[in-house]
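One-letter residues, chain by chain:
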Amino acid sequence: MNDAETVMAHCDELAAFTEEPGRITRPYASESLRRAQETVIAWMREAGMAVTRDNVGNLRARYDGTGRSTLLLGSHLDSVRNAGRYDGPLGVMVAIAAVRRLHDSKHRMPFAIELLAFADEEGLRFGTTYLGSRALAGTFDEAVLAHADAGGITLADAMRSFGGDPSAIEDDHRNGDDLLGYFEVHIEQGPVLEARGLPVGVVESIVGQNRFHITFIGEAGHAGTVPMDRRHDALVVAAMFVIAVEHEARTHEGLVATVGQLEVHPGAANVIPDRVSLSVDVRHADDQTRLDVCGRIIDHAHTLAEGREIAAEVLPVSEHAAVKCSQELVSLLTDSIERSGYEALRLTSGAGHDGVEVSNLTGIAMLFVRCKGGVSHHPAESVTTEDVEIALDVTSRFLEQLARR
Ligand code: HGY
Ligand code: MN
Ligand code: MN
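Here the structure is a predicted model, which means the values were calculated and not measured.

A.B. asks: Give me the lowdown on the pattern of salt bridges, citing residues and values where you can.
C.D. replies: Tallying each qualifying case throughout the model produces 27 salt bridges. Linking Arg100 and Glu46 is a salt bridge whose minimum nitrogen-to-oxygen distance equals 3.6 Å. With Arg100 in helix H3 (residues 89-104) and Glu46 in helix H2 (residues 31-46), the pair connects residues that are 54 residues apart, well separated along the chain. Residue Arg100 is classed as partly exposed on the basis of its relative accessible area, which comes to 34%. For Arg125, the salt bridge is made with Asp149, and the minimal N-O distance between the two is 2.9 Å. With Arg125 in the loop between strand E4 (112-118) and helix H4 (131-137) and Asp149 in the loop between H4 and helix H5 (155-161), the pair connects residues that are 24 residues apart, well separated along the chain. Note on Arg125: relative accessible area 19%, which makes it buried. For Asp149, a relative accessible area of 13% corresponds to the buried category. Several salt bridges converge on common partners, so that one network encompasses Arg62, Asp64, Glu114, Arg174 and Asp178.

This is the structure we're talking about:
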């Protein structure tokens, strides 16, 4: 197998590590993530890297160089529910393959390479994003240690069971003085590269995003006996709210807003729902537009609730400003793509990535890889071996360009 075929085979192997047989679901600090990490550690060592696992549970693999500076490479190994096999693992596998090329040719760069396989980018289990890269960047909010998952296990206990010490999270904070930057390869998760007939693209910026948890609190009642004009139905208000969220997104160019989770209590066919809790995810490239629309969405929640004499509780879960990639690294990456014979299309990422947090430590760059139909966060997520080979060659060239800088 050539290097790209090995990357694809490794992504297939990792896809088997899941909490839910028949689909890919690999949450933070789960048994499936542990088993996936054990496999990845072996591949990292075969590529000549020394591997450790930090408190929060990230893998950190180091390939020494001849100089004192360090380039970070990475992506994540956790997944969403019913995920595709490339969102995260592709970036880790391409990085391992690029280091393996150096190791096999006994080539040392004038900088060390530290490869990070982040343990929680998606926030599937605890609803908080970027746990791994926050710990690295020193932006970890210790309040989330008390967050509980659906089974009532706290993040702190999950971290302990995964071999970490939640009281020592600060030890994971990496000093950035020696860093040249952070470089991540990731599937585009959008349709642009495919539409333009390009295998790879350069990320210029990552959109800003807000996440909220909203609960509508009404009154339970008998579905057969409470007259319609006497009801305080939490689900009716939630339904009107979801429509209002979609309307805001459709009337603001470039804005996306999603209600991805919705729970109805008590969830019985013959009981009027008294509580509905839901998630809201709002994103836009311009921070002021995003914040303005978030304000309007929160107003809708309260106004719609008041209109039906019920209550609305709005809990902000996370907020990230838009992040610009490092101009210097973007131009190096652009040059690497053009030297590989391809147009270097610049893109804004609508998806969030660990680079958002790592940008607090050092400049970031991302290489997007074309994915079929732009589909992601879905089992139909797919890339071609040919495009992965191009991404790997661009990565190797990027390392060479950085070395010559
Ligand atoms: O939600 C995102 O954009 C990323 O997949 N975590
Ligand atoms: Mn994702
Ligand atoms: Mn991802």
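A.B. asks: How would you sum up the site of ligand 1? Please name residues and give values.
C.D. replies: Near ligand 1 you find Glu121, Glu122, Arg211, Arg283, Ala351, Gly352 and His377, and these make up its full shell. Within the backbone of Gly352, one N or O atom sits 2.7 Å away from an oxygen atom of ligand 1. Against a free-state accessible area of 220 Å², the protein chains account for coverage of 93% of ligand 1. Of the residues contributing to the shell around ligand 1, the split by class is 1 nonpolar, 2 polar and 4 charged.

A.B. asks: Break down the packing of helix H1 (residues 3-15) against helix H11 (residues 385-404) for me, citing the residues and quoting the values.
C.D. replies: For the pair H1 and H11, interaxial distance at closest approach is 8 Å and the crossing angle is 115°. One finds that H1 runs roughly perpendicular with respect to H11. Between H1 and H11 lies a crossing of right-handed hand. Counted together, Asp3, Ala4, Glu5, Val7 and Met8 of H1 and Thr385, Val388, Glu389 and Leu392 of H11 form the full contact between these two elements. For the contact of H1 with H11, the class distribution of residues is 5 nonpolar, 1 polar and 3 charged.

A.B. asks: Please provide a residue-by-residue account of a nonpolar patch on the surface, values included.
C.D. replies: A cluster of nonpolar side chains, contributed by Leu235, Leu262 and Val264, occupies part of the molecular surface with about 200 Å² of accessible area. Counting through the fold element by element, Leu235 comes out in helix H7 (residues 234-250).

A.B. asks: For the side chain of Arg290, give the residues involved together with the corresponding values.
C.D. replies: For Arg290, the position within the fold is in helix H8 (residues 287-307). Among the residues examined, Arg290 registers a relative accessible area of 1% and is labelled buried. A distance of 2.4 Å separates polar atoms of two side chains, one belonging to Arg290 and the other to Asn210.

A.B. asks: Describe the coordination of the manganese ion (ligand 2), naming the residues involved and giving the relevant values.
C.D. replies: Around the manganese ion (ligand 2), the protein contributes the donor atoms Asp87 (OD), Glu122 (OE) and His377 (NE2), at 2.0 to 2.1 Å from the metal centre. Between the manganese ion (ligand 2) and the manganese ion (ligand 3), both coordinated by Asp87, there is a metal-metal distance of 3.5 Å. On the criterion of sequence distance, the pair formed by Asp87 in the loop between strand E3 (70-76) and H3 and Glu122 in the loop between E4 and H4 is long-range, its members being 35 residues apart. You can call Asp87 buried: its relative accessible area is 5%.

A.B. asks: Just give me the short version of the nonpolar core, but keep the residues and values in it.
C.D. replies: Val40, Met44, Ile96 and Phe140 are the most contacted members of the largest nonpolar core, which totals 99 residues. Sort the elements by how many residues they give to this core and H3 lands first, with 10 residues. Apart from residues lying up to four places away in sequence, Val40 is in contact with Leu14, Leu59, Leu77, Val92, Met93 and Ile96. Grouped together as the second largest cluster of nonpolar side chains are 22 residues, Phe216, Val245, Leu278 and Ile310 included.

Analysis parameters
- Residues numbered from 1 in each chain as written.
- Chains lettered and ligands numbered in written order.
- Predicted model: local features only at pLDDT ≥ 70, side-chain atom pairs only at ≥ 80, totals over all residues.
- Heavy atoms only, no water.
- Salt bridge = Lys/Arg side-chain N within 4 Å of Asp/Glu carboxyl O.
- Helix = DSSP H or I, 4+ residues; strand = E, 2+ residues; numbered from the N terminus.
- Buried < 20%, exposed > 50% of the residue type's maximum accessible area, 1.4 Å probe, protein only.
- Near = heavy atom within 4 Å.
- Polar contact = N/O pair within 3.5 Å; in protein donor to acceptor, adjacent residues only side chain to side chain.
- Areas by Shrake-Rupley, 256 points an atom, 1.4 Å probe, with all protein chains shown as cover.
- Nonpolar A, V, L, I, M, F, W, Y, C, P; charged D, E, K, R; others polar.
- Axes fitted to C-alpha atoms, helices over the stretch in contact; angles between N-to-C directions.
- Parallel < 35°, antiparallel > 145°, perpendicular 65-115°, else oblique.
- Left-handed = near helix turned anticlockwise from the far one by under 90°.
- Contact = heavy atoms within 4.5 Å.
- Patch = residues over 30% accessible without salt bridge, like charges linked within 9 Å, V, L, I, M, F, W, Y side chains within 5 Å.
- Donors = N, O, S within 2.8 Å, 3.2 Å for Na, K, Ca; no water.
- Core = buried A, V, L, I, M, F, W, Y, C linked by side-chain atoms within 4.5 Å.

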